[in-house]
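Structural characterization, general
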Amino acid sequence: MTGIPRSYLFTWAALVALLAATLGLAYVPMPGPLNIVLALGISVAKALLVLALFMKLFRAPALTRAAAAAGLFWLAVLFALSATDYLTRKVDPVGDLSAPTGREHRQADR
Amino acid sequence: MTSATVTGKPDEPVVATRNYLTEGGVTLRSWLLTRDHKRIAILYTLSITVFFFVGGAAATLIRLNLVTPSGIFTPDIYNRLFTLHGIVMVWFFLIPSIPNTMGNFLIPLMIGAKDLAFPRLNLLSWYLYVGAGLLALFAILIGGVDTGWTFYTPFSSLYSNGYVVLALAAVLAVGFSSILTGLNFIVTTHRMRAPGMTWYRLPVFVWSNYATSVIMVLATPVLAITLILVAAERLLKVGIFDPALGGDPLLFQHLFWFYSHPAVYIMILPGFGVISEIVPCFARKPLFGYKFVVWSSIAISVIGFFVWAHHMFVAGISLYAGLVFSLLSYVIAVPSAIKVFNWTATLHKGWISFDAPMLYALGFIGLFTIGGLTGLFVANLAFDVHVTDTYFVVAHFHYIMVGGMVSAYFGGLHYWWPKVTGRLYPEWWARIAALLIFFGFNLTFFPQFILGYLGMERRYYSYPPEFQAWNILSSAGASVLAAGYALPFFYLGWSLFRGKRAGSNPWAATGLEWQTSSPPPTHNFDRMPTVTRPPYQYRPEPEPQDV
Amino acid sequence: MSEAGPLPRPEPQYATTDQQAEAATFGMWVFLATEILFFGGLLLAYTWLRASHPAGVAEAGRHTKIVIGSVNTLVLLTSSLTMALAVHAAEQGRRKALTRLLAVTALLGLLFLGLKGYEYHGEWTEHLVPGLNFHEDGPHARTIELFYFLYFLLTGIHGIHVTIGIGLIVWLALRARRGSFSSGYYTPVEVTGLYWHFVDVVWIFLYPLIYLVGRSGP
């Protein structure tokens, strides 16, 4: 196989390195939500590499980028506007959430 | 070919010998395996008509039950009836109604293309629709569902003893049909336009269907995954939506309305498109403020995603969220109002003729305005607390869905009937039907505003006796409405065989679809068109247009 | 395989093959936008669960099979590389390389599914399958059950996508071997590539959400 574009190999190497980084960092105790923020940050970096280089999004026509952006924008709308409720709702849990999950109390259903 | 040349004279006897109905054979096989968008549109029209009558029959029984305060059916049967009515009318009639019939037929014609971008996907979409429809009918026949069309948890996932999973599967499948249609329309509008057909030369009907498609493609998948979650929850008895098992029922409502509120705009935006075609044609004037009408469609399809939790004001969402969604719900009234003003301004000093399509369009404008304004009432937090789950809400959305969308559907059906079939329908019968539908509709649903305001709850099989007079009025209206809907079935059927030949352009309308023969040939145009002008170049005196 | 190769006529609704290729690529991107929101609903449910029951989710996360999960991530990332190389080979009209790279991609996909199946088997024996075979005690039992409910839906739906992808790639490989593609016509390879990379991107996000939760805890 001749003419393998090196950029693809570099991309792959970067992806593997990021995978190793995120795996290692997951075991490091960090304050607050820093673990998940870092993990998702690395995921975004990996996803951008795949989108930009493997899927050629940055060289793609504006229309294609708009389609990808639309999906992400509407995903953001789903999360952001749900958050207006969840972040400000006063939660009063009902029911005994700490009980063991015996299934006997649930009624039989077809 | 003379049949492809343009004519402004309504009565020119153009008989297209070569058209999509005859080309490619007339066998059942040639229809069931067709890739022609026009034939698929016909398949859709036939199948949604079946579902319209199924849903209509359920509505008739509901109104029959509500004639007496104690009801006629058992509560269980009544629950199944309104669920059947809701599921069938929402997913098997309203959502596919205009896009899949007229959109399918007209978008390629209007943009000057030979077909949609993906004809096989289009056929697959119809098969998904039919399969889903048969599954839904099967679920109804073996016992039905009693959850309401909204499938609220934990009732649907835990307590309901209907065939919920089957119904969920049916809706899931019809959702995929809708996604495929939306995808097809988006790609077609972007990639298949004729030379010279710039975005601002597109008819508003195409823009409206484009805006609708955006919603179909981006909202429907959320419905799909929500239904899968409900089905899994019901089958496995695990409760992500069930508070007793650690879940959150409002999560279901957020996800469900993220689809189902924008779905309201799936149901009404194509209607806006139809009205924007009919009004200029029968007022003989260009559409007033074309760009405003176009961009208000896009604005509605985007802002439509920002308002969903106004369905949940009393469900336990936070007050802050209530304020945000209430405000956003007011915002979306702006682009809707822009459209009403533009249609009205188009009528101003127009050369108006009251043909049947125009009667439906004028009815639409009035009824949609009432539906839209009462939408502002229920977007108001305080007022909504008073009328949530009452007949006020039922009346409000029927003014949009039935007064609006079904009027637009019938208006469009009459307007493009000569193009689709090559025949004219009997005009006087059509006008009678339009008037019957308008008056029957108001008689049915206006009393429901009053009932709702007085406090009559929806989805109950019985009601206090003091509400009986208004309910009888409403049921009487429903029978007028039923007659109005049955009438076109007969005279349109008659016109297929005995109607006068229409010629290519019976309304002297602009638009590429009128510049090919009626019915059009399989590949739509004998010579592919080039576009040089904006749409709606009407003048009070009709005169020939050039290509 | 020559440079030009067979240049199929466009389907009747298109004017040119370019128009056809553009429509197909754009159509796939629109479909991927749909897919984002399809997974988005599940991700919202996951976010809600994690935000409202952080300790339970952390404990559930520690039950997941980190080794299989990480190896599978490596497998999918590598399959993305081979898919990208396959599209490159198709661009240059190298038939043999294209066929081989597609076959390797499909094999990597199968390896992913095999490991996933092995992982499911482990979860079955550990009674971690909600509704069918779930038994867990302790204060977070309910949350763990909900976590695994979402886990099976997320990975199950992702697995269905991988399966469809493998089917498409095998079909492409067979067509490539017959010489159906050329440097002038390889749209199906390109479009399937987009789909495959997207499935990879979904996994890139599922990996930390499923396997890396609670790893720094006790």
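Values in this document were obtained by computation on a predicted structure and should not be read as measured data. (Residues numbered from 1 in each chain as written. Chains lettered and ligands numbered in written order. Predicted model: local features only at pLDDT ≥ 70, side-chain atom pairs only at ≥ 80, totals over all residues.)

Things to note about the overall build of chain A
To keep things clear, this is the line we draw: A helix here means a DSSP run of H or I that spans at least four residues, while a strand means a run of E at least two residues long, and both kinds are numbered starting from the N terminus. Residue burial is a threshold on neighbouring C-beta atoms within 10 Å of the residue's own C-beta, all placed from the backbone, with 20 or more meaning buried, 12 or fewer meaning exposed, and counts in between meaning partly exposed.
Each helix and strand counted, chain A has 3 helices and 0 strands in total. Beginning at the N terminus, the succession of helices and strands in chain A can be written as α-α-α. Across the 110 residues in chain A, those meeting the buried criterion constitute 25%.

Remarks on the overall build of chain B
Condition: For the radius of gyration, the atom set is restricted to C-alpha positions; the globular benchmark scales as 2.2 Å times the number of residues to the power 0.38. Any two residues are considered in contact once their C-beta atoms, placed from the backbone, lie within 7 Å.
Each helix and strand counted, chain B has 16 helices and 0 strands in total. The C-alpha atoms of chain B give a radius of gyration of 23 Å, which matches the 24 Å a tight globule of 547 residues would have. Seen through its C-alpha atoms, chain B measures out along the principal axes to roughly 70 × 45 × 45 Å. Scored against the burial criterion, the 547 residues of chain B give a buried share of 60%. Considering only contacts in chain B between residues 6 or more positions apart, those separated by 24 or more positions represent 85%.

Comments concerning the domain arrangement of chain A
Quick note on the threshold: All domain edges in this entry derive from an automatic or database-based domain assignment.
Under the domain assignment, chain A is made up of domain 1 (1-58) and domain 2 (61-89). Taking only C-alpha atoms into account, the centre of domain 1 of chain A sits 22 Å from that of domain 2 of chain A.

Some thoughts on the UniProt feature "transmembrane region" (unreviewed entry) in chain A
Residue and element names in this part refer to chain A. For the record, the criterion: UniProt positions are given in the numbering used here, feature names are shortened, and annotations may be inferred rather than shown by experiment.
Sites flagged by UniProt as "transmembrane region" (unreviewed entry) map to residues 36-55 and 62-83. In residues 36-55, helix accounts for 95% and strand for 0%; the two terminal C-alpha atoms are 26 Å from one another. As annotated, residues 62-83 has a helix share of 100% and a strand share of 0%, and its two end C-alpha atoms lie 30 Å apart.

Some points on the confidence of the model for chain A
Detail in the predicted coordinates should be disregarded across regions flagged by low pLDDT. Rules: pLDDT is a per-residue confidence score from the predictor, ranging from 0 to 100.
Overall, the prediction assigns chain A a mean pLDDT of 84, with 79% of residues at 70 or greater. Contacts from residues 103-110 of chain A, a stretch scored under 50 in pLDDT, to residues over four places away or in other chains number 2 contacts.

Remarks on the UniProt feature "domain: Cytochrome oxidase subunit I profile" (unreviewed entry) in chain B
Mapped onto this numbering, the UniProt entry annotates "domain: Cytochrome oxidase subunit I profile" (unreviewed entry) at residues 25-532 of chain B. Secondary structure content for residues 25-532 of chain B is 70% helix and 0% strand, and the end C-alpha separation is 35 Å.

So, the interface of chain A and chain C
Cut-off, in case you're wondering: The residue classification treats Ala, Val, Leu, Ile, Met, Phe, Trp, Tyr, Cys and Pro as nonpolar and Asp, Glu, Lys and Arg as charged. All others, Gly included, are polar.
With 43 residues of chain A at the contact, the number on the chain C side is 40 residues. Going through the elements one at a time, α1 (6-26), α2 (34-54) and α3 (62-86) of chain A are the ones with two or more residues in the side of chain A that touches chain C. Here the element with the most residues in the side of chain A that touches chain C is α3(A); it accounts for 13 residues. The class makeup of the residues in the side of chain A that touches chain C is 33 nonpolar, 9 polar and 1 charged.

Some points on the nonpolar core
How we decide: For this analysis, nonpolar core means a set of buried Ala, Val, Leu, Ile, Met, Phe, Trp, Tyr and Cys residues linked through C-beta atoms within 7 Å.
Ranked by size, the top nonpolar core spans 283 residues in total, and within it B:A167, C:V30, C:A45, C:A86 and C:L150 carry the most contacts. Broken down by element, the residue count for this core peaks at 23 residues, all from helix α8 (residues 249-283) of chain B. Taken domain by domain, this core gets at least three of its residues from each of domain 1 (1-58) and domain 2 (61-89) of chain A. For C:A86, the contacting residues outside a window of four places in its chain are C:L98, C:L101, C:L102, C:T105, C:V189 and C:G193.

Observations concerning the environment of C:W203
Residue and element names in this part refer to chain C. Relative to the elements of secondary structure, W203 occurs in helix α6 (residues 187-211). Sequence separation of W203 and S52 is 151 residues, and the distance between their C-alpha atoms is 24 Å. Those residues in contact with W203 that lie beyond four places of it in its chain are T73, L76 and H158.

A short note on unusual backbone geometry
For residues besides glycine, phi is generally negative; the peptide bonds are generally trans as well. All names here are of chain B. Note that the residue after T153, namely P154, is joined by a cis bond; omega there is -5°. You can see P154 is positioned in the loop between α4 (119-141) and α5 (155-159). Looking along the chain, the bond that leaves S518 and enters P519 is cis, with omega of -10°. Relative to the elements of secondary structure, P519 occurs in the segment after α16 (468-498). Located in the positive-phi region is D389, a residue other than glycine, with phi close to 60°. By the secondary structure assignment, D389 is in the loop between α13 (381-387) and α14 (391-421). For D389, a count of 13 C-beta atoms within 10 Å corresponds to the partly exposed category. In this model, Y536 sits at a positive phi of 60°, which is unusual for a non-glycine residue. Mapped onto the elements, Y536 comes out in the segment after α16. Y536 sits in the buried class, given 21 other C-beta atoms within 10 Å.

Here's the deal with α14(B)
A turn of α-helix holds 3.6 residues, and therefore any two residues three or four places apart point the same way. All names here are of chain B. How we decide: What the bend at a residue measures is the angle between two axes, fitted to the seven residues ending there and to the seven starting there.
The largest bend in α14 amounts to roughly 45° and is located at Y415, with the proline P418 lying one to four residues further along. The element α14 is extensively covered by neighbouring structure, given that 29 of its 31 residues are classed as buried. Positive phi shows up at G422, right after α14, with a value of about 80°.

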